[in-house]
Amino acid sequence: MKTFFLILFGMCIIQTTFAQPPAEGKISLVVYDEKGNTIENASVFLLKYSDSTVVKSALSGKNGQTEIDHLKPGEYLVSASSMGYHEMYSSLVSITEQRPAVTVTGIVLQANAKQLKEVAVVSKKPFIQKLSDRIVVNVENSIVSAGSSAMEVLERSPGVNVDQNDAISLRGKQGVIVMVDGKPSAMTGADLANYLRGLPSAAIERIDIITNPSAKYDAAGNSGIIDIRMKKDRRMGMNGTFTAGYGQGVYSKTNTGTTFNYRNKKLNLFGNYNYAYRIGLNHLYLDRSFYENGIYEGGDLKDNFSKSPIGSHTARIGMDFFPTKKTIIGILLNGNFNHYTRKNDNNSIVINPQKEIASTFRSLATNNDHANNATANINFKHTFDSTGKELTVDLDYGNYNSASLTRNASKYYKTDGSVLQPDYVLDGNQDGSLVFKTAKADYTHPFSKGSRLEAGIKTSFVSADNDARFYDVSSGIAINDTSKTNHFIYHENNNAAYINFYTAFKKFDIQLGLRTEQTNIRTEQRMGDKKFDSGYIQFFPSAFFNYEIKPEHKVGFSISRRIDRPGYSELNPFLFLIDPTTYATGRPGLLPQLTWSYELSYTMKNINIAFNYSHTKDNQNITLAKFNEVFPNIPSPGNVTVQVPLNLSSSDYFGLNFSAPVRIRKWWNMLTNADLYYQKFNGYFSGTDLNRGKPAADIRLNNSFTFKKGWSAELNASLNTGGQDGFMVANPQWALSAGVQKTVLKNKGTVRFNISDIFWTNLPKAVVTYDNYVERWHAKRETRVANLTFSYRFGNNKVQAARKRSTGSEEERRRAQ
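Residues numbered from 1 in each chain as written. Predicted model: local features only at pLDDT ≥ 70, side-chain atom pairs only at ≥ 80, totals over all residues. Heavy atoms only, no water.

Q: I'm lost on the overall build of the protein chain in this one. Help?
A: On a plain count of helices and strands, the protein chain comes out with 5 helices and 49 strands. Taking as baseline every contact in the protein chain between residues at least 6 positions apart, the subset at least 24 positions apart corresponds to 68%. Only carbon and sulfur atoms are counted for the fraction: they give 59% of the accessible area of the protein chain, which is about 35300 Å². (Helix = DSSP H or I, 4+ residues; strand = E, 2+ residues; numbered from the N terminus. Contact = heavy atoms within 4.5 Å. Areas by Shrake-Rupley, 256 points an atom, 1.4 Å probe, with all protein chains shown as cover.)

So, in structure tokens, the structure goes:
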């Protein structure tokens, strides 16, 4: 490894000596009014397309002409404004080595009936954008997303689905990496779901959906990355925002938050705080049938009603110090504090082999959970020269703590309503802690003619300690239940290095990358003294090719290999109970899954078509296993299932993605995004051979409308036809959402009203089929909510935004509990 990096950086030094500076770009444009007259002295701003920060500014000349030169290759937006006119934004402008000079057309300003209004240098981007390497969901510009949680925004995003277990999939594939500001969330499973439900959309700027990441990213995530970018004030000076909202579904929801940003020549101080309180609803119906050699043995019907209030405090504060014009030293602190309670009322009817009611029982399950998570990051960034040569170093520390007090009390009855047997009461006290430490360094070295080399290293150390204690209190005395009490210790060390090379020619560009990761794992279950020790090295190549057939017509091909390590909660043998016959647990021996992904794409102007194929080995899948009696005195001891993750043999995915923005009228824009796919699974579990697949489609239509006098609106529709996921087949779901927005208080205030899932149809329903077990289920959730929000901007509007950056603990934060 040392030899590898000595050679690598030696090459960088040699190339630096002989490299020529890249060509500089130029953008030309003319500003017109609605009558075709040119506008003199119009303010023209060049913005970065990725984050809308200002790159350069200019004034139009006598003939409305202006030029912005000395530009680096990249993607930009152009905004133009003038006294008495509305501000106008261009479409995407790309500067490349092959096309350094670009003329922007269509800059026509519309007259404003009112007097001069404040010019806010913020791009009015549509809710959904399709870029060359990702889909961008601009949450802060979405009317429908106002007052929602991060989980609800994800459920409305193109290609994203959330199943009954809160597992997030992308284009029908599991294994999504959820990141926050470029760093993988340390939480998984229920903890991640609770965090996303407690995170208000007012705190989110945008969500990036990346289906095929390069070698620069951690190799985790076979279906891609969902990167939630938190809101940062883009304006200059001491400024900020305030947001408050109220929502009403079956239960009420509230949220409020504030951001601030202060900047001078040597210092940028920024931060935000958000609070959200929501009451969740999950009304689950189960119809379970058990078989032996094809003969019906019995079953049960379950009506499970769960009400779960959650209060969430999310805070972040950061500081960037600029000792020189080329060096930045930053500190970033993040905190998330959740309090989650659950009251779960479950009524079960037990069916005998003659398909008659044999007995009933009722279980009341309660949770009182706390999750306190804190992370700290120190960042160093140095830019060596104007060509883009830079070095970035990140040091991260994170501490996640959780505590859960549970009770599951069951009463059993005969068919005449009399008591069948004594009550069963189980108390749980589960504590978890996780600490991770990471360090990484990334170096970018540009060459002449648009080529560049990227390289980096990373090391991480993760330690988890989970102590679960269960007590049988049926007799009134707490007795330690040794069959369920457990203490699980987990240690992991990952070391990684990567190299990426990009070069562009007249008609095509190419990027080649290789990432290697070495992993060491040690686990211990104190109960039974079970220990596990392993280590492995994996290589993850990637390649991206793009060829320009003719202007605005491009074909691309990509290939990559990726890994999905189990989330820490999936390895943890803790218990989550609905009742004594239905519960979930982790699996310490769960293996990582490995995926080869291929994509062929064609882009014509703004229309994009992509064909996808991937093959996954040791596919991780949530399954239901039939067990004999685990809890004492169950009337039908064979009617017990446990939800547990396991590795299937493999899965194959074939997909077609279509994305097209359409401007129907000047005031009406529509984006269509469709994913058509077929996924097939292979494996063996619980006496059943799995060799199944099913075609499916996910279609999203996003309409945005811009009217006069500060009014705008959205109308969004979605349809998912269902599909195969391991042993489960899902039914179709669809939804229609709408919202309206009005700017007030001299454009500093915004009022938004929306209703999500107007007809309450976006409800999950599925069938799970094994040779010895069939489960039919459907759930009612609070997908229909009306939200009213108000936001206000205050302070100086002329200060550069807080710096956008990631840290080094992306994957660790995603996987942590």
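Q: What's the story with the environment of T375 in this structure? I'm lost.
A: Here T375 shows up in strand β24 (residues 357–383). A sequence separation of 62 residues divides T375 from K437, and the C-alpha atoms of the two residues are 9.8 Å apart.

Q: Looking at this model, I keep getting lost on the packing of aromatic side chains. Mind explaining?
A: Describing an aromatic ring pair means giving the distance of the ring centres and the angle of the ring planes. Tallied over the full model, the rule gives 20 aromatic pairs. Ring plane angle 70° and centroid distance 6.3 Å describe the contact between F384 and Y443, whose orientation is recorded as edge-to-face. Of the two residues, F384 sits in the loop between β24 and β25 (390–413) while Y443 sits in strand β26 (residues 419–446), which places them 59 residues apart along the sequence. In textbook terms, an aromatic cluster arises when at least three aromatic residues are bridged by ring pairs, as seen for F290, F727, Y770 and Y773. One Lys or Arg, R452, reaches over the ring of Y502 and ends 4.5 Å from the middle of that ring. Sitting over the face of the ring of W760, K780 holds its NZ or CZ atom 5.5 Å from the ring centroid. (Phe/Tyr/Trp six-rings, centres within 6.5 Å; stacked < 30°, edge-to-face > 60°. Lys NZ or Arg CZ within 6 Å of the ring centre and 35° of its normal.)

Q: It is not clear to me how the sheet that holds strand β1 (residues 25–30) should be interpreted in this structure. Could you clarify?
A: In sheet architecture, strand pairing relies on hydrogen bonds along the backbone and comes in two forms, parallel and antiparallel. Here 3 strands make up an open sheet; going across it, the order is β5-β1-β9 and the pairing mixed. Because the sheet does not close on itself, it has two edges, and the strands there are β5 (65–71) and β9 (101–104). For this sheet, the mean inter-axis angle between neighbouring strands, taken without regard to orientation, is 15°. Across 4 bridges, the pairing between β1 and β9 is parallel. By the bridge assignment for β9, S28 is matched with T103. (Pairing = 2+ DSSP bridges. Axes fitted to C-alpha atoms, helices over the stretch in contact; angles between N-to-C directions.)

Q: Can you help me understand the pattern of salt bridges in this one?
A: Side-chain pairing between opposite charges can occur once the charged atoms of the two side chains come close. Here the structure, examined in full by the defined rule, presents 20 salt bridges. Linking E782 and K253 is a salt bridge whose minimum nitrogen-to-oxygen distance equals 2.6 Å. Taken together, the residues E782 in the loop between β48 (773–781) and β49 (785–795) and K253 in strand β20 (residues 252–263) connect sequence positions 529 residues apart. A residue is classified by how much of its surface remains accessible, and E782, at 9% relative accessible area, is buried. K440 serves as the salt-bridge partner of D442, at 3.3 Å between the closest nitrogen and oxygen. For the pair D442 and K440, a shared accessibility class is recorded, and that class is buried. Among the charged side chains, a network of salt bridges with common partners joins R288, D300, K302 and D579. (Salt bridge = Lys/Arg side-chain N within 4 Å of Asp/Glu carboxyl O. Buried < 20%, exposed > 50% of the residue type's maximum accessible area, 1.4 Å probe, protein only.)

Q: How do you make sense of the nonpolar core when you look at a structure like this?
A: General note: in soluble globular proteins, nonpolar side chains tend to be found buried as a group. I204 and I207 are the most contacted members of the largest nonpolar core, which totals 22 residues. Of all the elements in the fold, those that place two or more residues in this core are β12 (135–137), α2 (150–155), β14 (168–170), β15 (176–180), β17 (204–210) and β18 (224–230). Sort the elements by how many residues they give to this core and α2 lands first, with 4 residues. Counting 18 residues, the second-largest nonpolar core is a separate cluster that includes V44, L46, I95 and V104. (Core = buried A, V, L, I, M, F, W, Y, C linked by side-chain atoms within 4.5 Å.)

Q: Teacher, can you tell me more about a nonpolar patch on the surface here?
A: A grouping of I317, M319, I331, L333, I378 and L395 is seen on the molecular surface, where their side chains present a nonpolar patch of about 490 Å² in accessible area. Locating L395 in the fold gives a position in strand β25. (Patch = residues over 30% accessible without salt bridge, like charges linked within 9 Å, V, L, I, M, F, W, Y side chains within 5 Å.)

Q: Looking at this structure, how should I read unusual backbone geometry?
A: The phi angle of most residues is negative, glycine excepted, and most peptide bonds adopt the trans form. We note that N293 has phi near 55°; this positive angle belongs to a residue other than glycine. Mapped onto the secondary structure, N293 falls in the loop between β21 (267–292) and β22 (295–324). Of note, K355 is a non-glycine position whose phi angle comes to about 60°, a positive value. For K355, a relative accessible area of 62% gives the class exposed.

Q: Sorry, what's going on with the environment of D431 here?
A: Relative to the assigned elements, D431 resides in strand β26. You can call D431 partly exposed: its relative accessible area is 29%. With residues near it in sequence (within four places) discarded, D431 still touches S402, A403, D465, N466, D467, R469 and F574.

Q: How do you make sense of the pairing of strand β42 (residues 711–720) when you look at a structure like this?
A: Looking along a regular strand, one sees the side chains alternate between the two faces of the sheet. As defined by bridge partners, strand β41 (residues 688–706) adjoins β42 across 9 bridges and the pair is classed as antiparallel. Bridge pairing in β42 places L701 opposite A717. Between β41 and β42, which pair antiparallel one after the other, the connecting turn spans 4 residues, and K709 there sits at a positive phi close to 60°. Direction of pairing for β42 relative to strand β45 (residues 733–744): antiparallel, over a ladder of 10 bridges. For L715, the partnering residue across the bridge sits in β45 and is A738.

Q: Honestly, the confidence of the model for the protein chain in this entry has me stumped. Any pointers?
A: Any segment with low pLDDT has predicted coordinates that should not be analysed in fine detail. A residue-level look at the protein chain finds 81% of positions with pLDDT of 70 or above and a mean pLDDT of 82. Ignoring residues within four places in sequence, the model shows residues 114–124, a span with pLDDT below 50, making 22 contacts including any to other chains. The low-confidence segment residues 627–632 (pLDDT under 50) makes 19 contacts with residues lying over four places distant or belonging to another chain. (pLDDT = per-residue confidence, 0-100.)

Q: Please explain the side chain of T314 as it appears in this structure.
A: Along the polypeptide, T314 turns up in strand β22. We classify T314 as buried; its relative accessible area is 7%. Filtering out sequence-adjacent residues up to four positions away, T314 remains in contact with L199, N272, Y273, N274, G335 and N336.

Q: What exactly am I supposed to notice about the pairing of strand β38 (residues 640–647) here?
A: In terms of burial, β38 is a largely internal element, 6 of the 8 residues being buried. Of the pairings in the sheet, the one linking strand β34 (residues 582–585) to β38 comprises 3 bridges and is parallel in character. The residue bridging T582 from the neighbouring strand is T641, located in β38.

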